[in-house]
Amino acid sequence: MSDFILPDIGEGIVECELVKWLVSEGDLIEEDQPVAEVMTDKALVEIPAPYKGRVTRLYWKEGDIAKVHAPLFELVDESGEGSDQGSAEQAATSEESNSKTPEAKQAEPQKTQESAQAPAAKSAVSPEAPRTPASPAVRRLVRENELTLDSIEGSGKDGRVLKSDVLTHLEQPASGGSSAPASGMRRADAQNQEVRIEPIKGMQAVMAKRMVVSASTIPHFNFSEDIDVTELLSLRQQLKPEAEARGSRLTLMPFIMKAIALAVREYPVLNSQLNEDVTEIHYQPNCNVGMAVDSKIGLLVPNVKNVDQLTLLEIADEVTRLTEAAREGRVSQADLKGGTITISNIGALGGTYASPIINAPEVAIVALGRTQKLPRFDANGQVAERAIMTISWAGDHRIIDGGTIARFNNLWKSYLESPQSMLLHMG
C-alpha cells in the first residue's frame, strides 16, 4: 500500500484542479491506466497509474485544487510487485511526503476525512458507465448549486449539458413551492436578483495575469490595414484538391504563417524578445508562429515550430493537429512553449479591426478580421468585387517604431496579395 504522489507536471506548476476521477475507490486498475484528469494553468493532463493495483482511497474531490508533491490517491499492489514497479521518483516523493512540516501533515488527514465523509469525494460513475457530457466549468457550476448532471436536460450535441441549460434549470420553480436560493449565490438587490460568485482558476487565471502584465508594462503601437486576398483564395482553391488527396486540410492560415516567416527575414526585430531589464534584444533563430485558439478551458496559444523551414503542407498539418488538441484542452507543454510571434484569428468569430494585446515575451501580434467581398477600383478605374481581409498589428513600441511595423506589414501584405511571389523566397 502506498500513496501516489502528484508529480511535477509542468515547469513552474505547483497546483492543479482535479477535473475528473476516471476510477472509483475499490477499482482494480492496470499499469499506465488513466486514473484522473487534472487541469493545470496550461492544459488538461491525464494522470496514469504507476503499476497494477487496487485504488483504496481518493484524497481529493472533483473540483478541488490538488498540490504537486502531495498524495493524490492510495494504491495497493495486490500482486506483490508494486513496490518494485513503482518508480524511484515515486519513492523519493513519498519520502519527501513523510518529511513534511506538521502543518502540511495536519492538512492531509483533514482532507482524507472529508473524502471519507462526503460521497462526492469519489467518482459516482465507474469508467464503464455512461457519463453525461459537460465541460469542467459546467460541472463546477452544477456542484456549486448542489445539482446533478443527470437531472438537467442537455441541449448540446449528444446531450451535452451547457451553461445555459444549468441556468435555465435553476430558474425553474422547485416542486411544492418557490425554490430556495442556490448554494453559492448571494443577494444583489431588493428585487431578489442573484449574483453567482465563481473563482478565476486554471487557464483563465493565467491569461488574466498575463494580460494585466502585458497591457501595463508594454507600450503597444497599433497598426491596421486592409489586404486583398482574392488571388490567395483562388490559389488555395487550386491547391486544395491535391492537399486533400494526401490528407491535409489547406486553409489560409499556412499561407499567412509562411508569409510572416518570409517577412521576418527582412525585419527580424518582429521575431525578437527583450530581456527582463530591457537592455538586450534577443533575435530568435527560428520563426515559431503561435495561434490563439478558443478552447473549452480558455484561450490557448500553441505554436507551429520552425515555420521558416516547413512547407505549406507541413504547416497545414501542424495547424490542424494543434487546433484539434487545443480545442480539447489537451495540447502539450512543448507546443505551448517557444512562440516568437502570434496570430489571433478573430475573423473566424466575426469582427473586423481589433487592438490585440502582445503575448509577452514576444514583441508583436496580429489579429485577423473577417474576409468580406467589397467593391474596389481596378487598374482601369472600374469597380470590381474583391475579397478584403482586415488585419490589426500590435508591436512593442520600446523596440518597434511605426515605420518598421508599416514596412514589415507592406512586405507581408505583398506576399499575401501576390502569393506566387512567395515561391521566389522559399528555401
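All residue numbers here refer to positions counted from 1 along the written sequence of the relevant chain. Reporting in this predicted model follows two pLDDT cut-offs: at least 70 for local features of residues, and 80 or more for side-chain atom pairs to be given and counted; totals over whole chains, interfaces and linings ignore these cut-offs and use all residues. Side-chain metrics rest on all non-hydrogen atoms present in the structure, leaving aside hydrogens and water.

**Considerations on the nonpolar core**
Working definition of a nonpolar core: buried Ala, Val, Leu, Ile, Met, Phe, Trp, Tyr and Cys residues. They are joined through side-chain atoms within 4.5 Å. Here the term buried applies to any residue with accessible area under 20% of the maximum for its type, exposed to any over 50%, and partly exposed to those in between, with areas from a 1.4 Å probe on protein chains only. Core analysis: the largest hydrophobic core is formed by 59 residues, its most contacted members being Met 257, Ile 260, Ile 343, Leu 368, Trp 393 and Trp 412. Among the elements that make up this core, the one with the highest residue count is helix 8 (residues 253–266) (ten residues). Two residues qualify as a contact provided that any one of their heavy atoms is within 4.5 Å of a heavy atom in the partner residue. If we ignore the near neighbours within four places in the chain, the residues touching Met 257 are Val 289, Met 291, Val 304, Val 307, Ile 315, Val 319 and Ile 343. Core analysis: the second largest hydrophobic core is formed by 24 residues, Leu 18, Val 23, Leu 72 and Leu 75 among them. Segments assigned H or I by DSSP are reported as helices when at least four residues long, segments assigned E as strands when at least two residues long, and all are numbered from the N terminus.

**Some words on the confidence of the model for the protein chain**
On average, the protein chain scores 81 in pLDDT, and the residues at 70 or more come to 80%. The predictor attaches a confidence to each residue, and that confidence, scored 0 to 100, is pLDDT. This model gives residues 82–129 a pLDDT under 50, and the stretch forms 60 contacts once residues within four places in sequence are excluded. Scored below 50 in pLDDT, residues 174–183 shows nine contacts in the model against residues more than four places distant or in partner chains.

**So, the sheet that holds strand 11 (residues 220–228)**
Two strands are said to pair when DSSP picks up at least two bridges between them. Taking strand neighbours across the sheet as the criterion, the six strands line up as 11-20-19-18-14-17 in an open arrangement whose pairing is mixed. In the strand order of this sheet, the two ends are held by strand 11 and strand 17 (303–304), each with one partner. Taken together, the twelve bridges between strand 19 (residues 364–377) and strand 20 (residues 383–396) define a ladder with antiparallel strand orientation. Paired with Leu 374 across the bridge in strand 20 is Arg 386. Orientation is described by lines fitted to C-alpha atoms, with helices fitted over the stretch in contact, and by angles between N-to-C directions that extend from 0 to 180 degrees. Contacting strand 14 (289–291), strand 17, strand 18 (341–344), strand 19 and strand 20, helix 8 crosses the sheet at an angle of about 150° to strand 18. Across the face of the sheet, helix 11 (residues 402–417) comes into contact with strand 11, strand 19 and strand 20 while running at roughly 25° to strand 11.

**A closer look at the packing of helix 8 against helix 11**
Closest axis-to-axis distance for the helix 8/helix 11 pair is 9 Å, and the angle between their directions is 140°. As far as their axial angle goes, helix 11 and helix 8 are oblique. Remark: the crossing between helix 8 and helix 11 carries right-handed chirality. Residue-level inspection shows Phe 255, Ile 256, Ala 259, Ile 260, Leu 262, Ala 263, Val 264 and Glu 266 of helix 8 in contact with helix 11, the latter providing Phe 408, Leu 411, Trp 412, Tyr 415 and Leu 416. Residue classes follow a fixed rule: Ala, Val, Leu, Ile, Met, Phe, Trp, Tyr, Cys and Pro count as nonpolar, while Asp, Glu, Lys and Arg count as charged, and any other residue, Gly among them, counts as polar. In terms of residue class, the contact of helix 8 with helix 11 is built from twelve nonpolar, no polar and one charged. Here the angle decides the label: under 35 degrees means roughly parallel, over 145 means roughly antiparallel, 65 to 115 means roughly perpendicular, and every other value means oblique. Here a crossing is called left-handed whenever its near helix is offset anticlockwise from the far helix by less than a right angle, and right-handed whenever the offset is clockwise.

**Observations regarding helix 11**
Helix span, as expected, comes to 1.5 Å for every residue beyond the first. Over its 16 residues, helix 11 runs 22 Å from end to end, which matches the ideal 22 Å to within 8%, given 1.5 Å per residue. Among all positions of helix 11, only Thr 404, Ile 405, Ala 406, Phe 408, Asn 409, Leu 411, Trp 412, Lys 413, Tyr 415 and Leu 416 are buried. For helix 11, the capping residue at the N-terminal end is Asp 401, with a side-chain oxygen 3.3 Å from the backbone nitrogen of Gly 403. Each polar contact in these results corresponds to two N or O atoms within 3.5 Å; when the atoms are within protein, one needs to be able to donate a hydrogen and the other to accept it, and residues that are neighboring in sequence are counted only if both atoms are side-chain atoms.

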